[in-house]
Amino acid sequence: MRSAGSGVFSFVLLGGLAWWGAGLPTTAAPPDSPVRSYYVYVCAESDDEVALVRYGPGGAEVVKTIRVGSYPNEIEGPHGIEVDPDGRHWYVSIAHGLPFGSVHKYETGTDLWVGDVTLGLFPATLDVSPATGLLYAVNFNLHGGMEPSSISAVEVETMTEVARIDTGVMPHGSRLSRDGRRHYSVNMMSGDLVELDALGFEIARRLPLGAGVQPTWVTTPTAAGIAYVTGNNVARVFEVDLGAWRILRTFETGAGPYNLDVTSDGSTLVATYKNGDAVGFWDLASGRERARMTTSRTIPHGVVVTPDGEYAFVTLEGVGGEPGTVEVYHVPTAERVDTVDVGKQAGGIAFWKTEG
Amino acid sequence: MGLFVACVALMARGQGGQTPHGLSIEVAPGALTLEIGEAAHLSATVRDAAGDVVDDATVVYYSRARRSVSVTRTGRVEAHRPGEFTLIVLVPENPGDRRRRPDARARVEVPVTVPLPPIAEVAFRDVPGVFYAGTHPRLDVLVRDTVGARRDDVPVTFSSGDTSVATIDRFGYLTLHDTGTVIVTAAVDTESDALTIEIVENPVTALRLPMGADTARTGDVLRFTAVATDASGREVPGVPVRYAVGGETAPAIVAAGAPAQIAADGRFVAERSGTYTIIATAGTHTATRTVSIEPRDVARDVEVVGRGRVLDRRSSDLWVWEGTDGRDYAITGTWGADGHTYFWDVTDPANIEKVNEVQVDARTVNDVKVSADGEVAVIGREGASNRRNGIVVLGAGNPREGVPVLSEFTNQLTGGVHNVFVDGNHVYALSAGRRYDIIDIEDPRRPERVGRFELETQGHSVHDVWVSDGIAFSSNWTDGVVAVDVGGGGLGGTPERPVELGRYAYPNGWNHAAFPYRSRSTGKFYLFAGDEAYPYGGLANDADEARLPFRTAGWIHVIDWSDWDNPREVARYQVPEAGSHNIWVEDDIMYVGFYYPGGLRVVDVSGELMGDLYRQGREIARFVPFDPEGFAPNAPFVWGPQPYKGHIFFTDYNSGLWAVRLEEKTGPGRVIGEPH
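Everything numeric here is computed off the predicted structure, so don't read it as measured data.

1. Regarding the overall build of chain A
In step 1: For chain A, the helix and strand inventory stands at zero helices and 29 strands.
In step 2: Relative to its length of 356 residues, chain A is compact, with a C-alpha radius of gyration of 19 Å against a globular reference of 21 Å.
In step 3: In chain A, which comprises 356 residues, the share counted as buried stands at 61%.
In step 4: Looking at chain A alone, contacts between residues at least 24 apart form 45% of all its contacts between residues at least 6 apart.

2. Structural notes on the overall build of chain B
In step 1: Along its length, chain B carries zero helices and 56 strands.
In step 2: Expressed along its principal axes, the backbone C-alpha trace of chain B runs to roughly 90 × 80 × 55 Å.
In step 3: Here chain B holds 676 residues, and 46% of them are scored as buried.
In step 4: Sequence-distant contacts in chain B: of pairs separated by 6 or more residues, those separated by 24 or more amount to 55%.

3. With respect to the interface of chain B and chain A
In step 1: Between chain B and chain A, the contact holds 49 residues from the first and 49 residues from the second.
In step 2: Every element with two or more residues in the side of chain B that touches chain A is listed here: β6 (60–63) and β9 (83–91) of chain B.
In step 3: If one sorts the elements of the side of chain B that touches chain A by residue count, β6 of chain B sits on top with three residues.
In step 4: Residue composition of the side of chain B that touches chain A, by class: 19 nonpolar, 17 polar and 13 charged.

4. Remarks on the nonpolar core
The nonpolar side chains of a soluble globular protein tend to be buried with one another.
All names here are of chain B.
In step 1: Counting 147 residues, the largest nonpolar core has I391, F528 and F649 as the members making the most contacts within it.
In step 2: In terms of residue count, strand β50 (residues 589–594) provides more of this core than any other element does, five residues in total.
In step 3: Each residue touching F649, except ones within four places of it in the same chain, is listed here: L318, V320, A330, V346, P641, Q642, Y644, L657, W658 and A659.

5. Points about unusual backbone geometry
Residue and element names in this part refer to chain B.
In step 1: Along the chain, A28 connects to P29 via a cis peptide bond; the corresponding omega equals -10°.
In step 2: In this structure, N634 takes a positive phi of about 50° despite not being glycine.
In step 3: Checked against the element boundaries, N634 lands in the loop between β53 (619–623) and β54 (638–644).
In step 4: Taking the C-beta count within 10 Å as the criterion, N634 has 16 such neighbours and is therefore assigned partly exposed.

6. Side note on the sheet that holds strand β35 (residues 391–395) of chain B
Residue and element names in this part refer to chain B.
In step 1: The antiparallel open sheet is built from four strands, whose spatial order is β33-β34-β35-β36. One side of each edge strand has no neighbouring strand; the edge strands of this open sheet are β33 (368–370) and β36 (405–409). Across the sheet, the mean angle separating the axes of adjacent strands is 20° when strand polarity is ignored.
In step 2: Where β33 and strand β34 (residues 376–380) come together, three bridges link them in antiparallel fashion. Bridging across to β34, V368 finds its partner in I379.

7. A short note on the sheet that holds strand β19 (residues 236–241) of chain A
Residue and element names in this part refer to chain A.
In step 1: The sheet built from three strands is open, its strands ordered β18-β19-β20 with antiparallel pairing. The open sheet has two edge strands, β18 (226–231) and β20 (246–252), and neither has a second partner. In this sheet, adjacent strand axes meet at a mean angle of 25° when their direction is disregarded.
In step 2: Bridge count between β19 and β20: six bridges; the pairing is antiparallel. Opposite F238, over in β20, you have T250 as the bridge partner.

8. Digging into the domain arrangement of chain B
In step 1: Each assigned domain of chain B is listed here: domain 1 (6–114), domain 2 (119–200), domain 3 (217–294) and domain 4 (302–662).
In step 2: Here the C-alpha centroids of domain 2 of chain B and domain 4 of chain B sit 49 Å apart.

9. Remarks on the pairing of β34 of chain B
Residue and element names in this part refer to chain B.
In step 1: Across the five residues that make up β34, a large majority, five, are buried.
In step 2: Taking every second residue as pointing to the same face, both faces of β34 are buried, with V376, V378 and G380 on one and A377 and I379 on the other.
In step 3: Taking the residues that link successive antiparallel strands as the turn, the β33-β34 hairpin has five residues, and the phi of G374 there is positive, at about 75°.
In step 4: Summarising the sheet, β34 and β35 pair through five bridges and their orientation is antiparallel. When the sheet's bridge partners are listed, A377 is paired in β35 with L394.

Reading the values: the criteria
- Residues numbered from 1 in each chain as written.
- Chains lettered and ligands numbered in written order.
- Predicted model: local features only at pLDDT ≥ 70, side-chain atom pairs only at ≥ 80, totals over all residues.
- Helix = DSSP H or I, 4+ residues; strand = E, 2+ residues; numbered from the N terminus.
- Rg over C-alpha atoms; globule rule 2.2 N^0.38 Å.
- Buried ≥ 20, exposed ≤ 12 C-beta atoms within 10 Å, placed from the backbone.
- Contact = placed C-beta atoms within 7 Å.
- Nonpolar A, V, L, I, M, F, W, Y, C, P; charged D, E, K, R; others polar.
- Core = buried A, V, L, I, M, F, W, Y, C linked by C-beta atoms within 7 Å.
- Pairing = 2+ DSSP bridges.
- Axes fitted to C-alpha atoms, helices over the stretch in contact; angles between N-to-C directions.
- Domains from an automatic or database assignment.

Laid out in structure tokens, this is it:
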């Protein structure tokens, strides 16, 4: 397997975990237990639940399960989830609809429902702008027709869709620039990265990622203006200079890179390999995958890194009646430190807060 | 257009009135009033704390009702629909400020008023052909505005040009005092219509009310047609007749409310036993008839014959059929689990035996259907791990011997297949609740899509489809039931080229299922449309509560659809304590599954149907399937029934497959509220 600009690496299987990155130093073993507690919200797409998961001194546990949706005996599919930058509310996309999906707003802590808004077909990933408070959600349209879809902009005070912008076929991933003025998403079946002027509600730029490439995710841009984009079907991650609007490096990854997150210092990229049942940890300075961990269950989906860069929470969908799982990795060592089961088909995940 | 200026400075909490940004934004005009189609420009000025204009400030415009009033990024506003709306103008947060506060630095709301369009047309319509002195016909008026919309929200002012000849009330009812000519006017604002009516001598000297029977049962529809005759005994056409009913319920029925009704066309039905008098009035003439109504007395008991318990997961739909080996089988789906479908030998309903099961990559197998020849079963998938879902075609000829997977078909069905129907060699499969695709399975190992049907309405959604005699009836929530010719509708429709026959939507927008049925006793074509609704909420935030049953609502709507162009909702079956789900009608008996705690209901739907079937005592039986070991214990939740060879099979969401039968009627049945 090749890594862009580097040589061939070897790996050693260690009881279910595979280590990559020969020659790269790793830090000491992870702490026995964290000093602080980290909270994430996790979607269980086939149980219409959102789980509040805490990883702290007592390990990983489900603190609460919140049922979501409107029809108790229709599977409505919570898919994407995000916490408002102010921490007061969280938002979940209810992907399946009648036929349009929706985004629902809940209060963090109490987890009480506040409101909802109907959007397009299969709203998936979402993010909230720190500049305006507007929420942006991509309408993935998993309904089978390969037709252009859209990005919705929502005023969250009133849960009103204030704009819908045509983008491409099967848009996914939804991340805003740090200043909240630019929105990035990818079109899985159009094969491009899209920059949306989040203030003017117009597509600003498109970056083709290569013939046949099916991207599924784009990260929040780093402080240096770099974003990482998955090439899900070609087992690659593209490093994109948003200023120059070009691909800087291409990383050869495990099979089916699906979701990504970057530590806040921009040093490490964590990637879920949906088809490879693994999680990759990339040293971004060297462009090398320093570790690859086989997941404890199949179909890894979402990943979120804690703001301090210590831990990565990864969701595993599983198959059929299996529960979903949240895995916790110590980022510096790439060691899995705990797991906890949640509802079926764990997918979207969002970091809420740190305590202690 | 309003001309004041809106000026707002965002005041941060705890800043003593000074914002950290010190910005304010002024928008002119501060309010707008626009006619439909009219446009205007907003001008925003951003000032700093010193009051100086910030030239390079970014300003964001958006509308909270963009389809009614739009605004561009440069502030151009255009009105599209009437109403009161709000535009937002804001200055985004400072890019360098990394606090977790997603508020704008300055923000203002601009109210926009778009008045209702003026009325453009007022017109009398469906004017009676003749007006007789002494009668009280009603005039109907159509009002339209300048954009062509029908306006029922504006009061119409009626007036008579000669009140000695005719007067008219605010509802449009005329009182024709004398013969002569009079001009009647209907007016809204400055628009009006004038109708000249000629009132002729009323030749009616008598009014008769013929009656075929003077005894009936609750729920029986009796038709009364008053006949006005002149002095020579000849019938006088076109005489407006009003009907009313009064009477007394049986002595044991106290405080019954309104126990009977009569429609404007003379159809009468009673909900309670008693003695009722029908009154027909035409001008100064009246005629009456009195009828005796007896209890319908159709109630029977239900006996549990056998069960195929499913306790470790929820069950979904079922189908019962005769296998190619001559034995009887049932197929049941599972919900929110791991993709199982169960096959049961139900030849002896007292000894139901699970003979096979198939697991596919899915969490929910919501719907299961079997072809008429019993050879092929089709199941729909939701929650497949590869997100491709689609349908799976199974060999169902002899489930005891095996149930091979013949094929999968996922193309453009990736959003999930919630319901399917098999009609001949075609499968009608819902695609993500948006449309239904028609798939040819003549070779069940090679399914091929040949057609599809999708509504054109905004936000349309389909939940179910059922095919009968070459007509597909889909259930479409707010769009109601849509009938489509796929080979038997007479419009040349085929599975490859479906042609819509008609549609009927009802106000609550809960249409979830439909069962077409031609009444054996009357020949009328009825469409039984079922609701599914959760208006009480009920989603619990606690995991333990999540296993508790939830409250539902909705009922069965009976639509007389004998004329495709003129569907009429004529009756309802509404159980007060529960919400409806799936329906089956056979031999003038309706079987309905109700969600907690309604159970299975069996209803006599013989004869003409009108009014509230529940209150008419048409319920033959009810059975509520409790199981203390159910997936949710003692939480009956009947998914759907199917009568088959003298038994009633049904699935219960929390306890699996049941077989029951109606016991022989041995005496007067008990109906709550009726004397015994």
